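The residues making up each chain are set out below.
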Amino acid sequence: MVTNRIDDWLSVMWQSLTSTGGLLLELVGVGPDVDPHTKVTFRAIGDAVMPETPGLAGELGPEHVSGGLAVDLDAFTVTYVDDGFQLGLPHLGPQGNIPIADPIAHLLDSAALTLVERGDNERDPDVDRALSLLGPDDPSPRAVEDVVGPFAKLSRRDRLRAIAIVDEFDVEFTPTDDDLFELDAGLVGQLVIGFMEMIYYSEWQGYDEFTQPPSRRSHPNDRSAVQSWRQTGFPGFADGYAALRGYVGTTDSPLGGGDTWATVDEAADVRIVRESGGFRENDYETSDYREPFPVESG
Amino acid sequence: MVEDSYDAIVVGAGGDGPVAAWKLAEAGLSVLVLEAGPFYGNEQWPRPNEDPGGEASSSAEDLSGDLLDEQFTTREFEMITKLVFGPADHERGFWFRKFPGDGAILQCAGVGGTTLHYTGCHPRAYPAAIDEQGHWPIEYADLIPYYQEVEEMCDVAPAPVTAKEELFFRGAADAGWELIEDLNVTEPGYRPQPNAITQPDERLHVDAGYDGDFTYPDVEGDTLALGNIAGNPHPRGAPYEEKAKKASNVSFVPPALRTGNVTIRPNAFVTDVVTVTPRGDTPTVAGVQFRDTWSGSVQQVDSEVVVLAAGAIETPRLWLNADLPANEWVGRGLTIHFGDNVMGLWDPDDLDEAIGSDVIDQHEGQDIAARFDYPGVGMLQTVGTAPGIGAILGFGASASGFAFQNDTPGEPWDTIGRLAGTELKRLLSDYRRMLQILVVSDDRPHQRNGVTVAPGVADEHGPIPIVNYEPSEGDRQRRDELARIAADILREAGASHVHRSDSPPTALHVHSTMRMGKVVDEACEAYDVDRLFVADHSVLANGVGGANPTNTGQALAARTGERIVERHF
Ligand SMILES: Cc1cc2nc3c(=O)[nH]c(=O)nc-3n(C[C@H](O)[C@H](O)[C@H](O)COP(=O)(O)OP(=O)(O)OC[C@H]3O[C@@H](n4cnc5c(N)ncnc54)[C@H](O)[C@@H]3O)c2cc1C
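Cut-offs and rules
Residues numbered from 1 in each chain as written. Chains lettered and ligands numbered in written order. Predicted model: local features only at pLDDT ≥ 70, side-chain atom pairs only at ≥ 80, totals over all residues. Heavy atoms only, no water. Contact = heavy atoms within 4.5 Å. Buried area = accessible area lost by both parts, 1.4 Å probe. Salt bridge = Lys/Arg side-chain N within 4 Å of Asp/Glu carboxyl O. Polar contact = N/O pair within 3.5 Å; in protein donor to acceptor, adjacent residues only side chain to side chain. Helix = DSSP H or I, 4+ residues; strand = E, 2+ residues; numbered from the N terminus. Nonpolar A, V, L, I, M, F, W, Y, C, P; charged D, E, K, R; others polar. Pairing = 2+ DSSP bridges. Near = heavy atom within 4 Å. Areas by Shrake-Rupley, 256 points an atom, 1.4 Å probe, with all protein chains shown as cover. Axes fitted to C-alpha atoms, helices over the stretch in contact; angles between N-to-C directions.

Peer 1: I would appreciate a short explanation of the interface of chain A and chain B in the present structure.
Peer 2: One frequent convention defines the size of an interface as the accessible area lost when the parts assemble. At the interface, 108 residues of chain A touch 124 residues of chain B. Roughly 9,900 Å² of surface becomes buried between chain A and chain B when both sides are summed, with 59% attributable to carbon and sulfur atoms. The largest contributions to the chain A side of the interface with chain B come from A:Leu244, A:Arg245 and A:Phe279, which together make up 8% of the buried area. The partner of B:Glu78 in a salt bridge is A:Arg217, and the shortest N-O contact between them spans 2.8 Å. Here chain A is connected to chain B by 50 residue pairs in polar contact (both at pLDDT 80 or more). When residues of the side of chain A that touches chain B are assigned to their parent elements, the largest contribution, 11 residues, is made by helix H10 (residues 186-201) of chain A. Class assignment of the residues belonging to the side of chain A that touches chain B gives a composition of 53 nonpolar, 33 polar and 22 charged. Bridging between strand S2 (residues 85-86) of chain A and strand S3 (residues 94-95) of chain B involves two bridges; their strand directions are parallel. For A:Phe85, the partnering residue across the bridge sits in S3(B) and is B:Phe94.

This is how it looks when you write it as structure tokens:
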């Protein structure tokens, strides 16, 4: 296990702490934008996790081409991870939330350097690759060229490999002299892979504005409003379905009875039947119980 | 209004706390329930995530099905964000806990606790896990009357069959397993889930040609629209207590309030347990201190008895932060049913042959309605999810790295590992033709696994829980065996592609950190603090064999409620 105490990260953490005092202002579009390095890095994450896939058009249909960047998944993920966890300590920003997008971006750079140092990258890092991911509303490539970190320069697969390396890290940082905050870096993979996938495939894209208070959010619940629903075929949320096939039963079983809808197991007489019964309050005997696998004490 | 003193204080209104509160109140005691999260579906808090609202609720008249309909939108991402363990205020993030690796703990805050997420599966423990594994000081037979009482309160009945359950049952039967019809399970086999979800209206049968609304009073009971993990307010339009899913806020909170003896105070995070030591020996409980999560103000309430029901992570955290007497088993022996996911994908023709339809449509029916039991090893259950939760549970995490980094020759699965990128998009394009099986293993309590706190790593409620979990070799073998059985069942059911996640330890079921026989006695009273009881899943002496734990946690909480009255009132 590589223990990685990243001084770099600490100072960035500090910067972000002082700059995210105005997190709420940022959310309403006032105040400083997301750090350009963080922005480029999260675009690179979004592009690796939920890429644009022209190759799937022929195989699955044109609706399967667009990826996460087309719906600004990267920008929302930054907001989400920055707002997502809190220690309730007032000096950590207005809501006590711990902004972690910047440190995650720097951690991924360390992982990228480790990948390249080990020679485990498949392709050479290339700054143009990162710059090509910038969207129309982003600063010009020339403006961000200098802040592109090692992670964003990797190929898609190599970016995923770098994320896998993060799992080996243990990171600590000290937001103030008193608070030691230790983060198992596994959380990083969880956030940038697991959460990003969940957000993408959920209803998220359909909101007018997710950062609104819950009672003021609206969602059309319409497949056409959510790119990922068009890709999975999920029809949106429903009040119900007339999908009942019945209950499991056999001729003598207490579980269910009535007309047979389908036979599950001819030999054992297991069927799907129309009416439900109940489970049996059976006598039981456990004295012949044997452990199928080894049991360690303690 | 919260008074200065009560007969009993229950800390936490989760799966089990309301059961103990109900029993105590039925016996005539005055009970205060302090809950860290919000109270959904209650007229005192019309906007529970936006405004502090009222102070406390003492009447079933406050409960509102309409508010629950409004607040439980069933939209998966929004609801997960809303329910996961954190303060009511939507502008603030989750309460942080440290968990090893890229696993996670999934628990909720709010009246109902983690049963707000739960899928209603209410099987009993495996008898052998109680009577033969050597962890429990009481017998399985002691629990049976309490199981019966809980099952009655929660409408527990065989779960309905829709396409995904039929597919699973066919696979299990073809793989040579037998149907189980019993409540007390001693042999391996498959059966419908005993679910705490009121059965659907029979007019929802596929052959009945129903084309009406799926709202109350047109239909009663479950509406087969999935959504339990996201809260499940169905049938929409129903009064609070007529909601189909019997999470503890629907099953036990209303009768508890109806006794007239219970006050529930949400947004109240208990940070200290107050004790006195008059004779200089064993401390006796005197009350608790709690902090209002909106205002930050702190209040102390006195009581004759305190019942900790904050769940298997927060109960030991509170004990440790309250500086109660050291006991080498406080926080120790954590079991989480060390789990995994095995996913099957089908070709349309094969599906049609098996279930008469070329799609499974996992979003129809109940989330988890079919199971496979294997006493001594654990269980399997089918899982239907909306695509977001499916993505994170099935593909978002793995202890084996990415699928593209792994070969699988000779394995029963075609791919193993985390999926992202093109592979993920290709797989999820078949969302309507996939079926996920959740592997839930009978992991055993080990002292190294559990909850500690470290000074300095603190939030506004004190040092945060630091969780350690490392399965043993036997735990891994049980899980691998179940994953193989799952793959076999999926193949027998005709799956053309099987994917295994090899999930990192992820805690959906969390128990045995304040075990009966180690930290608490047979009545669940602490050995080291008089009149301090525990009534949540932390007192389970082991993982109940791998069966879903809530029926056992609630049965035990009912029993503990009775014991408290016998002993002290
Ligand atoms: C997605 C999912 C699906 C599940 N499905 C099932 C299922 O089908 N069947 C099953 O048996 N189990 C299921 N479970 C597990 C089940 O929900 C839990 O085992 C059960 O809720 C645990 O009950 P508990 O009382 O121990 O804790 P919890 O239900 O977690 O309740 C603890 C309560 O205490 C509150 N609290 C915590 N700390 C404090 C404090 N200091 N002061 C005041 N209040 C506090 C919390 O906010 C919470 O409300 C599922 C879990 C998940 C995550």
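Peer 1: Where do I start with the site of the ligand in this structure?
Peer 2: All names here are of chain B. As a matter of local geometry, the ligand sits amid 36 residues, with Glu 35, Thr 114, Thr 119, Cys 121 and Thr 550 nearest to it. Between an oxygen atom of the ligand and a main-chain N or O atom of Gly 15, the distance comes to 2.9 Å. A distance of 3.5 Å separates an oxygen atom of the ligand from a polar atom in the backbone of Thr 115. In the complex, the protein chains occlude 97% of the 990 Å² of accessible area that the ligand would expose alone. For the shell around the ligand, the elements supplying multiple residues, two or more each, are strand S9 (268-276) and helix H9 (311-321). Ranked by the residues each element gives to the shell around the ligand, the list is headed by S9, at three residues. Of the residues that constitute the shell around the ligand, the class distribution is 16 nonpolar, 16 polar and four charged.

Peer 1: Hey, could you run me through the side chain of A:Arg217 in this one?
Peer 2: Summarising the element assignment, A:Arg217 is placed in the loop between H10 and helix H11 (227-232). Only 3.0 Å separates the side chain of A:Arg217 from the backbone oxygen of A:Gln212, close enough to count as a polar contact. Looking at A:Arg217, its side chain comes within polar contact range of the side chain of B:Glu78, at 2.8 Å. Apart from residues no more than four positions distant in its own chain, A:Arg217 is found in contact with A:Tyr207, A:Asp208, A:Glu209, A:Phe210, A:Gln212, B:Arg75, B:Glu78 and B:His90.

Peer 1: Just to check I follow, could you spell out the sheet that holds strand S13 (residues 370-374) of chain B for this structure?
Peer 2: Through backbone hydrogen bonds, the strands of a sheet pair up, either in parallel or in antiparallel fashion. Residue and element names in this part refer to chain B. Here seven strands make up an open sheet; going across it, the order is S6-S13-S14-S16-S12-S19-S15 and the pairing mixed. Only two strands of the sheet have a single partner each, and these edge strands are strand S6 (189-192) and strand S15 (415-416). One ladder, built from four bridges, connects strand S12 (residues 339-345) with strand S19 (residues 497-500); its direction is antiparallel. Bridge pairing links Leu 345 to His 497 in S19. Those strands touched by helix H6 (residues 163-174) are S6, S13, strand S14 (378-383) and strand S16 (434-441), and its axis lies near 160° from that of S6.

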